[in-house]
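# Topology and contacts: notes
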Amino acid sequence: MHTDFRYWLPFLTEDVPAALTTPESVARFELKQALPRIAPDMSVTLCRDDSMGEGFRVCRQGNTITITGGEVGLLYGAYRVMMALYAGEKLPADHAQQPKYALRMIDNWDNADGDIERGYSGRSLMFEGGRFDYDPIRLRGLARLMASVGLNVLCINNVNVRNPAHRLIEDWLPQLAEVAAIFRPFGVRLMVSIDYAQPMRHGIDTADPLNERVQAWWNEQCRVVYAAIPDLAGFLVKADSEHRPGPFTYGRNHAEGANMLARALKPFGGNLVWRCFVYNCQQDWRDQVTDRPMAAYQHYVYLDGQFEDNVILQVKNGPFDFQVREPVSPTLLAMPETNLAIEWQLAQEYTGHQIDIYAMMGMWQEVMADLGADKVMAMAAVSNLGRDECIFGHPFAAVNFFGYGLLSWDPDNAAAGDVARLWAKLTYRLDAKDEDTLVGILLESRGAYEKYTAPLGVCWMVVPHEHYGPSPDGYEYQAWGTYHRASRDAVGIDRTAKGTGYAEQYPAELRDRYSSLETCPDELLLWFQRQRYDYVMRDGRTLIQRIYDDHFEGYEWVEAAEKKLTALPLPEADKAIVMERMTRQKKNAREWRDVINSFFYRFSGAEDEKGRPLYL
Ligand code: GCU
């Protein structure tokens, strides 16, 4: 038995038996085991109404609660009621919920060899040694975690599809169907990442989307796939990105490429999720004109309205690549006639590898405020899960998975503070003071991480490839399009109309906000502007002094957080992981502080006004 559910469902004690095959039966089982522990005098009645789909309604009369909903809605309602009761929330007498988005997806980046691309919680829960290898009990536990926060799609393999993962939709279909059956009782459907050039493994000498043999191959393959798994959610595709094959090879655009696959999936109700992470990864660093964040917009926006209705374009939250601070991707604001999904990254690739504490809810809230919840019709997030004893690597990384579920259910009801508070209550049951301490640490963690890493929207000062720890020039002379162009006088890139023009990709309000020094947020200053070190910020500090201050403060936060955590009564197993990782975070933060400060000190020659140590 794995106790992965301890991270917000600790009132459960038993695994869901394999014999239960419907969401309604799971809901009854969970309520039966939990209620005696959390609310012994309450009774809960389930009332099926399929017209409500995934939604549910909860009515309370005295000690009786009635949950009405479609089959999966009943399960979602049951988890919400259990969590509310356990957290001591007062249930409203009558309230109804519907998910904001139809697809609430987790994308595993798991490889068949058991490795996880950007995985920080151990090896794959699905694969090992080039084949499926999983613990069905643990997968059922994962399905339970997903359902408890309303997540309903799991893409099981890496977007970079490498041999033998293409077999998932070929001779591995029987095993894929077994995994689908594990998730089905929890309302979770599987999705598969596919290799765009897959027909070329079968004697076809092209993957041109307009080629009839290619089309026929996919049509037939979709028939085979859906015969095995009739409720598969669809395919996920990374094409023409970072050396993956795609339609560009054949002079076709991405509507032509995506639509070919979408038409093959359509008869079976499948979705084609097409990623927009497309840019030139072989740029010459001397090239001052090409600006990587502009790429997705250039490749996709002119195609708005040309995609089949079962195509969903999946766009990363920011135009670069999950950096610590990015403005919302302008592509998401410019395609009103296209189905869009926003893609987040729970895996802490650039945000501390689940060693450093980094709660993401604040970022989501800010991005969604600029985006508007109706601009997208789905959400996706790269998973932060793995085979470690703590499935999230770091116990506190659980809050990101939990919060992401609530966000994709209803972004208007997932305020950072509420999510952190509810998660802390459910997971640890601390007294009020300790709970405040923990919630405070979670909510401040992102700002602190931001302070001790690359300053004010600069991005990419990170160790190449590994993406943990500082390397200010690590990406500066490489081909990835990731430059800060620090000199002895100034740093940053002018992305306004006078510079690369990136800011012009936004609607007027955001364009103006980011283009003007009066209104551009400090945290994005160097993303949008090139500034001298002696530039005076709104608060009167020079830019260089702000950089120094942030780095010293970020590190000091870590020292203070370590002290607070030492005193926090967490369960022993979690405490050991938390403290061990905190030691590494402190080392990391110290390194970032001194490397970044020294880097700018050496360029600028400016002393720290407070006389703290800088290194020549
Ligand atoms: C980043 C990440 C890669 C990943 C890619 C993607 O570049 O470092 O490992 O494959 O994003 O999102 O496709």
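The residue numbering used here restarts from 1 in each chain and proceeds along that chain's sequence as written. Whole-chain, interface and lining totals are the exception, using all residues; otherwise, since this is a predicted model, local features are given only for residues with pLDDT of at least 70 and side-chain atom pairs are given and counted only at 80 or more. As a rule here, side-chain values cover all heavy atoms of the structure and leave hydrogens and water aside.

Before going further, it helps to spend a moment on helix α5 (residues 212-228). Secondary structure elements follow DSSP: runs of H or I no shorter than four residues count as helices, runs of E no shorter than two count as strands, and numbering proceeds from the N terminus. Helix span is expected to be 1.5 Å times the residue number reduced by one. End to end, α5 covers 25 Å across 17 residues, agreeing with the expected 24 Å (1.5 Å per residue, within 8%). The inward-facing, buried residues of α5 contact α4 (173-183), β10 (234-237) and α6 (254-265). For the purposes of these results, a polar contact is taken to be a pair of N or O atoms within 3.5 Å, where, inside protein, one atom must be able to donate a hydrogen and its partner to accept one; residues adjacent in sequence count only when each atom of the pair is a side-chain atom. Two or three places before R213, at the opening of α5, N211 has a side-chain oxygen 2.8 Å from that residue's backbone nitrogen. A contact between two residues is defined here by any heavy atoms of the two lying within 4.5 Å.

By the convention used here, strands pair only if DSSP detects at least 2 bridges between them. Spatial ordering of the open sheet is given by β1-β3-β2-β4, a layout of 4 strands whose pairing is mixed. Because the sheet does not close on itself, it has two edges, and the strands there are β1 (43-48) and β4 (94-97). Going from strand to strand, the sheet's axes swing by 15° on average, the running direction of each strand aside. Sheet analysis places β1 next to strand β3 (residues 64-69), joined by 6 bridges and oriented parallel. Across the sheet, residue V44 finds its bridge partner in β3, namely I65. An axis is simply a line fitted to the C-alpha atoms; with a helix, the fit covers only the stretch in contact. Between two such axes, the angle follows the N-to-C directions and lies from 0 to 180 degrees.

Time to look at the pattern of salt bridges. What counts as a salt bridge is simple: a side-chain nitrogen of Lys or Arg found within 4 Å of a carboxyl oxygen of Asp or Glu. This structure, assessed with the given rule, holds 51 salt bridges. A salt bridge links E523 to R546; its shortest N-O distance comes to 4.0 Å. A residue pair is termed long-range when its members are at least 10 positions apart, and E523 in the loop between α12 (508-515) and α13 (525-528) and R546 in helix α14 (residues 543-566) qualify at 23 residues. Think of it in three bands: residues with accessible area under 20% of the maximum for their type are buried, residues over 50% are exposed, and the middle band is partly exposed, with areas taken using a 1.4 Å probe on protein chains only. Accessibility expressed as a relative area gives 28% for E523, which makes it partly exposed. Under the relative-accessibility criterion, R546 is labelled buried at 9%. What you see here is one network of salt bridges that share partners, running through D539, R541, D549, D608, K610 and R612.

As a further point, take the domain arrangement of the protein chain. Note that the domain bounds were set by an automatic or database domain assignment. As assigned here, the protein chain comprises domain 1 (3-97), domain 2 (103-427) and domain 3 (430-493 + 530-616). Computed from C-alpha coordinates alone, the two centres of domain 1 and domain 2 are separated by 29 Å. Listed per partner, the contact involves 35 residues of domain 1 and 31 residues of domain 2. Using a 1.4 Å probe, buried area is obtained as the accessible area two parts lose upon being combined, added over both of them. A combined buried area of about 2,700 Å² lies between domain 1 and domain 2, and 60% of that area is made up of carbon and sulfur atoms. Its largest share of buried area at the contact with domain 2, domain 1 owes to D4, Y7 and W8, together 31% of the area lost on that side. The interface formed by domain 1 and domain 2 contains 4 salt bridges. Between E389 and R6 there is a salt bridge; the shortest N-O distance is 3.2 Å. Where domain 1 packs against domain 2, one counts 12 residue pairs in polar contact (both at pLDDT 80 or more). Listed by contribution, the elements that provide at least two residues to the side of domain 1 that touches domain 2 are α1 (23-38) and α2 (71-86). The biggest single contributor to the side of domain 1 that touches domain 2 is α2, with 7 residues. The classification used treats Ala, Val, Leu, Ile, Met, Phe, Trp, Tyr, Cys and Pro as nonpolar, Asp, Glu, Lys and Arg as charged, and all other residues, Gly among them, as polar. Its residues assigned to classes, the side of domain 1 that touches domain 2 comprises 22 nonpolar, 5 polar and 8 charged.

With that settled, the discussion passes to the nonpolar core. Generally speaking, soluble globular proteins have nonpolar side chains that are buried together. Working definition of a nonpolar core: buried Ala, Val, Leu, Ile, Met, Phe, Trp, Tyr and Cys residues. They are joined through side-chain atoms within 4.5 Å. Of all hydrophobic cores here, the largest spans 222 residues; its most connected members are W8, F183, W344, F392 and W423. Counting residues per element, this core draws most heavily on α2, which supplies 12 residues. Excluding residues that lie within four positions of it along the chain, W344 makes contacts with N317, F322, M363, W364, V367, M368, M379, A380, A381, V382, Y404 and L407.

Taken in spatial order, the 8 strands close into a barrel running β5-β8-β9-β10-β11-β12-β13-β14, and their pairing is parallel. The sheet shows a mean angle of 25° between the axes of neighbouring strands, direction not considered. Bridge analysis of β10 against strand β11 (residues 271-275) gives 4 bridges, and the strand direction is parallel. Across the sheet, L236 pairs through a bridge with V273, a residue of β11.

Residue P164 is reached from N163 by a cis peptide bond, and omega for that bond is 5°. Along the chain, P164 falls in the loop between β8 (153-155) and α4. Phi at H467 is positive, roughly 65°, even though this residue is not glycine. Among the structural elements, H467 can be located in the loop between α11 (432-452) and β15 (490-491).

Take the environment of F277 next. Residue position: F277 is located in the loop between β11 and α7 (295-300). Separated by 41 residues in the primary sequence, F277 and L236 have C-alpha atoms spaced 13 Å apart. Excluding residues that lie within four positions of it along the chain, F277 makes contacts with S241, E242, R292, K316, F320 and D321.

Before going further, it helps to examine the packing of α2 against helix α3 (residues 136-148). Where α2 contacts α3, the axes come no closer than 9 Å and their chain directions differ by 80°. The angle between α2 and α3 falls in the class roughly perpendicular. For the pair formed by α2 and α3, the contact residues are L75, Y76, Y79, R80 and M83 on the first element and R144, A147 and S148 on the second. A class-by-class count of the residues in the contact of α2 with α3 yields 5 nonpolar, 1 polar and 2 charged. Roughly parallel covers angles under 35 degrees, roughly antiparallel covers those over 145, roughly perpendicular covers 65 to 115, and oblique covers all other angles.

When we say a residue is near a molecule or strand, we mean one of its heavy atoms is within 4 Å of it. Surveying the vicinity of the ligand reveals 14 residues, the closest of which are E117, K238, R275, K316 and E349. Within the side chain of R275, a nitrogen or oxygen atom sits 2.6 Å from an oxygen atom of the ligand. For the ligand, whose accessible area on its own is 310 Å², the fraction buried by protein is 96%. Note on areas: Shrake-Rupley, 1.4 Å probe, and residue coverage restricted to the protein chains presented here.

Next up on the list: empty space enclosed by the protein. Using a 1 Å grid laid over the protein atoms alone, points where a 1.4 Å probe fits but cannot get out form a cavity; open sets with protein on both sides within 12 Å along at least 5 of 7 lines form a pocket; any residue with an atom within 4 Å of a point counts as lining. Grid points are joined across faces, edges and corners, and a volume is the space filled by probe spheres set on the points. Throughout the structure, instances matching the rule amount to 9 cavities of 30 Å³ or more. In this structure, the largest cavity spans a volume of roughly 150 Å³. Lining the largest cavity are 14 residues, and of these Q323, V324, A454, C459 and W460 lie nearest its centre. Counting contributing residues, the lining of the largest cavity receives three or more from each of domain 2 (103-427) and domain 3 (430-493 + 530-616).

Moving on to the packing of aromatic side chains. Side-chain rings of Phe, Tyr and Trp (the six-membered ring for Trp) are treated as a pair once their centres are within 6.5 Å; stacked means planes under 30 degrees apart, edge-to-face means over 60, and tilted covers the remaining angles. For the structure on display, the rule yields 36 aromatic pairs. Look at Y196 and W274: their rings are 5.7 Å apart centre to centre, the planes differ by 80°, and that puts the pair in the edge-to-face class. Placement of Y196 in the loop between β9 (189-193) and α5 and of W274 in strand β11 is noted, with a sequence separation of 78 residues between them. Looking at W274, the relative accessible area reads 0%, which means it is buried. For the ring pair W344 and W364, a centre distance of 6.2 Å and an interplane angle of 55° mean the geometry is tilted. With W344 in strand β13 (residues 340-345) and W364 in helix α8 (residues 361-371), the pair connects residues that are 20 residues apart, well separated along the chain. Following the ring pairs from residue to residue traces out a cluster consisting of F320, Y350, W460, Y475, Y502, Y506, Y514, W527 and F528. We note R144 situated over the ring of F5; from NZ or CZ to the ring centre the distance is 4.9 Å. Any Lys NZ or Arg CZ found within 6 Å of a ring centre and within 35 degrees of that ring's normal is scored as a charge over the ring. The residue whose ring lies beneath R513 is Y514, and the NZ or CZ to ring-centre distance is 5.8 Å.

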